[in-house]
Amino acid sequence: MKPPVTSDPYEILLAHNLWATRGLLERCAELTEEQFGRSIPIGPGERGGLRATLTHMVSAMGRWADRIKGV
């Protein structure tokens, strides 16, 4: 079932975030542990890589959810 069409920017951003994050996680699931943990020159800190970047993204989502809820 398709989600309802909306013009609410908040709903649009949440839907896009869900779509993009799901796509990243699905692609990462195809990687070996070594590939997923490999340090590459992207993301936060000196140990940048997919694991560090996705950990940062998911943590940031939790902090934003708390902020939206007023926690």
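The structure this text deals with has already been given above.
Now for a look at the structure at hand. Computed from a prediction, not measured in an experiment: that's the story for all the values here.

Cut-offs applied
- Residues numbered from 1 in each chain as written.
- Predicted model: local features only at pLDDT ≥ 70, side-chain atom pairs only at ≥ 80, totals over all residues.
- Heavy atoms only, no water.
- Helix = DSSP H or I, 4+ residues; strand = E, 2+ residues; numbered from the N terminus.
- Expected span 1.5 Å × (residues − 1).
- Polar contact = N/O pair within 3.5 Å; in protein donor to acceptor, adjacent residues only side chain to side chain.
- Buried < 20%, exposed > 50% of the residue type's maximum accessible area, 1.4 Å probe, protein only.
- Contact = heavy atoms within 4.5 Å.
- Phe/Tyr/Trp six-rings, centres within 6.5 Å; stacked < 30°, edge-to-face > 60°.
- Lys NZ or Arg CZ within 6 Å of the ring centre and 35° of its normal.

In an α-helix, one turn spans 3.6 residues, which is why side chains three or four residues apart end up on the same side. Look at helix H1 (residues 9–29): 30 Å from first C-alpha to last across 21 residues, which is about the 30 Å you get at 1.5 Å a residue. Two to three positions downstream of the cap, the backbone nitrogen of Tyr-10 sits 3.1 Å from a side-chain oxygen, assigning the N-cap of H1 to Asp-8.

What follows concerns the side chain of Thr-21. Among the secondary structure elements, Thr-21 is positioned in helix H1. Judged by relative accessible area, Thr-21 falls into the buried class, the value being 11%. Contacts of Thr-21, omitting those with residues within four sequence positions, involve Met-57 and Met-61.

Quick look at the packing of aromatic side chains now. Summed over all chains, the structure comprises 0 aromatic pairs. Stacked on the ring of Trp-64, the Lys or Arg Arg-67 has its end atom at 5.2 Å from the ring centre.

Our focus in this paragraph is the environment of Leu-24. Checked against the element boundaries, Leu-24 lands in helix H1. For Leu-24, a relative accessible area of 39% puts it in the partly exposed group. Spatially, the C-alpha atoms of Leu-24 and Leu-54 are 8.7 Å apart, while their sequence positions differ by 30 residues. Discounting residues that sit within four places of it in the chain, Leu-24 has contacts with Leu-54 and Met-57.

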